[in-house]
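Chain and residue survey
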Amino acid sequence: MNQPTGSKILAFGHYQPSQVVTNDDLSKVIETNDAWIRDRVGIAERRVAGTETVADMATAAAGKALAASGLTAADIDQVIVATCSSVDRCPNVATRVAAKLGILAPAAYDLNTACSGFCYGLASADHAIRAGASRNTLVIGAEKLSDVVDWTDRTTAVLFGDGAGAAVVTATYGDEPTGVGPVVWGSAPEKGDVLKIEGWRPYIKQEGQSVFRWATTAIAPYAQAALDRAGVQGKDIAAFVAHQANTRIIDGIVKRLDLPNAIILKDLVESGNTSAASIPLALSKAIERREVPSGAPVLLFGFGGGLTYAGQVVRCP
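Residues numbered from 1 in each chain as written. Predicted model: local features only at pLDDT ≥ 70, side-chain atom pairs only at ≥ 80, totals over all residues. Heavy atoms only, no water.

Put simply, the rule is: UniProt positions are given in the numbering used here, feature names are shortened, and annotations may be inferred rather than shown by experiment.
Going by an unreviewed UniProt entry, the protein chain carries the name Beta-ketoacyl-[acyl-carrier-protein] synthase III and comes from Dactylosporangium maewongense. Taken directly from UniProt, the Catalytic activity (unreviewed entry) text for the protein chain runs: "malonyl-[ACP] + acetyl-CoA + H(+) = 3-oxobutanoyl-[ACP] + CO2 + CoA".

As for the overall build of the protein chain
Heads up, the condition is: Helix numbers and strand numbers start at the N terminus; a helix is a DSSP run of H or I with at least 4 residues, a strand a run of E with at least 2. The globule rule used for comparison is 2.2 Å times the number of residues to the exponent 0.38, while the radius of gyration itself is calculated over C-alpha atoms. The classification of residues rests on relative accessible area computed with a 1.4 Å probe and restricted to protein chains. Under 20% of the type maximum is buried, over 50% is exposed, and intermediate values are partly exposed. We call two residues contacting when some pair of their heavy atoms lies within 4.5 Å. Here the Shrake-Rupley method, with its probe set to 1.4 Å, supplies the accessible areas, and only the displayed protein chains count as covering residues. Charged residues are defined narrowly, with Lys and Arg counted positive, Asp and Glu counted negative, and His plus the chain ends left uncounted. Lys charges are placed at NZ, Arg charges at CZ, Asp charges at CG and Glu charges at CD.
When you go through the protein chain residue by residue, the secondary structure sums to nine helices and 14 strands. Since a compact globule built from 317 residues should have a radius of gyration of about 20 Å, the 18 Å found for the protein chain is in line with a globular shape. Considering only C-alpha atoms, the protein chain reaches an extent of 60 × 45 × 40 Å along its principal axes. When the 317 residues of the protein chain are sorted by exposure, 57% land in the buried category. For the protein chain, contacts bridging at least 24 residues in sequence account for 77% of all contacts bridging at least 6. Of the roughly 12,900 Å² of accessible surface on the protein chain, 49% is carried by carbon and sulfur atoms. Side-chain charges of the protein chain comprise 29 positive and 32 negative groups, with the mean position of each set lying 2 Å from the other.

Quick word on the pattern of salt bridges
Should the charged atoms of two oppositely charged side chains come close, the side chains can pair. To be explicit about the condition: Here, a salt bridge means any Lys or Arg side-chain nitrogen found within 4 Å of an Asp or Glu carboxyl oxygen.
On inspection of all chains with the given rule, the structure shows 12 salt bridges. Here K285 and D267 are joined by a salt bridge, their closest N and O atoms 2.8 Å apart. Taken together, the residues K285 in helix 9 (residues 278-288) and D267 in the loop between strand 12 (263-264) and helix 8 (268-271) connect sequence positions 18 residues apart. Taken individually, K285 and D267 each receive the classification buried, so the pair is uniform in this respect. With a shortest N-O distance of 2.8 Å, E291 and R289 are connected by a salt bridge.

Observations concerning the sheet that holds strand 1 (residues 6-15)
Worth spelling out the cut-off: Here a strand pair is declared whenever DSSP counts at least two bridges between the two strands. Only the stretch in contact is used when fitting a helix axis, every axis being a line fitted to C-alpha atoms; angles between N-to-C directions are given from 0 to 180 degrees.
Pairing within the open sheet is mixed, and its five strands lie in the order 1-7-6-4-5. At either margin of the open sheet sits one strand with a lone partner, and together these are strand 1 and strand 5 (107-111). The sheet shows a mean angle of 15° between the axes of neighbouring strands, taken without regard to direction. Looking at chain direction, strand 6 (residues 136-144) and strand 7 (residues 162-172) are connected through nine bridges and run antiparallel. Note on strand 7: the bridge partner recorded for I140 is A166. Across the sheet, helix 5 (residues 117-130) is in contact with strand 1, strand 4 (78-82), strand 5, strand 6 and strand 7; its angle to strand 6 comes to roughly 165°.

Describing the environment of T172
Assignment of secondary structure puts T172 in strand 7. T172 sits in the buried class, given a relative accessible area of 0%. Spatially, the C-alpha atoms of T172 and R130 are 8.8 Å apart, while their sequence positions differ by 42 residues. The residues touching T172, leaving out its near neighbours within four places in the chain, are P4, T5, G6, S7, K8, P177 and T178.

What to know about the sheet that holds strand 11 (residues 239-242)
Strand order in the open sheet made by the five strands is 8-14-13-11-12, with mixed pairing throughout. Looking at which strands have only one partner, the edges of the open sheet turn out to be strand 8 (184-187) and strand 12. Bridge count between strand 11 and strand 13 (residues 297-304): four bridges; the pairing is parallel. Pairing of A239 across the sheet is with V298, part of strand 13. Helix 7 (residues 247-255) rests against strand 11, strand 12 and strand 13 of the sheet, and its axis sits at about 130° to strand 11.

Observations regarding the nonpolar core
A general tendency of soluble globular proteins is for nonpolar side chains to be buried together. Rules: As used here, the term nonpolar core means buried Ala, Val, Leu, Ile, Met, Phe, Trp, Tyr and Cys residues forming a set that is joined through side-chain atoms within 4.5 Å.
W214, L299 and F303 are the most contacted members of the largest nonpolar core, which totals 46 residues. Secondary structure elements with two or more residues in this core: helix 6 (208-230), strand 11, helix 7, strand 13 and strand 14 (308-315). Of all the elements, helix 6 adds the most residues to this core, at nine residues. Discounting residues that sit within four places of it in the chain, W214 has contacts with A188, K191, I219, F303, G304, L307, T308 and Y309.

Digging into the packing of aromatic side chains
Threshold: Each pair of aromatic rings taken from Phe, Tyr and Trp, with Trp reduced to its six-membered ring, is defined by centres within 6.5 Å and is described as stacked if the planes are under 30 degrees apart, edge-to-face if over 60, and tilted in the remaining cases.
The tally for this structure, following the rule as stated, stands at four aromatic pairs. With a centroid separation of 4.9 Å and 35° between ring planes, the pair formed by Y120 and W185 is classed as tilted. Of the two residues, Y120 is situated in helix 5 and W185 in strand 8; the sequence distance between them amounts to 65 residues. Classification of W185 as partly exposed rests on a relative accessible area of 36%.

Regarding the environment of I249
With respect to the secondary-structure elements, I249 resides in helix 7. Classification of I249 as buried rests on a relative accessible area of 5%. As for I249 and A215, which are separated by 34 residues in sequence, their C-alpha atoms are 6.6 Å apart. Beyond its immediate stretch of four places on either side in the chain, I249 contacts F212, A215, T216 and F303.

Below is the structure:
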């Protein structure tokens, strides 16, 4: 078989637990209110898992993506799960997903770069495919952040939700257009302490203003670099899917980019911040609603704990 020339996304899938927690629900247990939360972060509600694990949600999203892709479990030779919230460290989430879906002997690993995790995973899948180490990869972002949220801390309890999103990535050959552009990724480790989940019984701790200032000033140039590396102009982008952390952060990034024809996805309004799940979750839902045309270029950019960042241009399946 010829050496792959690149990769493309065949399909997306997503999953969210059924329990909805509104801002009014939170106001009954902590000192906050709907107007305060909406004004500062833009979130109206979030989903919270009960007994479901990260692996359960990852499997549901991946199964949906696999069904939409036209492939079967036998076709998948690599599973990558981006997560920072799984309490089960070994076996990893990726092998649990593979077992649940009946995928035999895949390369399977978890990846933790927090909120940029899906874009890191997508880049890793693309690189493995280009190198000939994989042909069909499941890339999943899945989080159960409710396990690591201190529900008495009003600065973080209002932010996070649970869910999963997944994509099936396959090889392209010859003159077939590639669908995953070059990644722009990196980190600012000197700022790593501003967002962390540490210890044996960890809770999310965040210096919100520090994260806000970094995201609204540092991210736009990297997102522009992803456009440049893909050879795509901002006017051609059909949708911008940033990490769903805060509507004001998303708006601040957009102001620094020239994306006149792009829809700006803001799934966090109904899902909260789902970390590594936020980008595939938002895009999968938009595709399901037929808001993004097949083949259209979409700019993805994740950023968060570490402080890590990663983004690329992809073609909508």
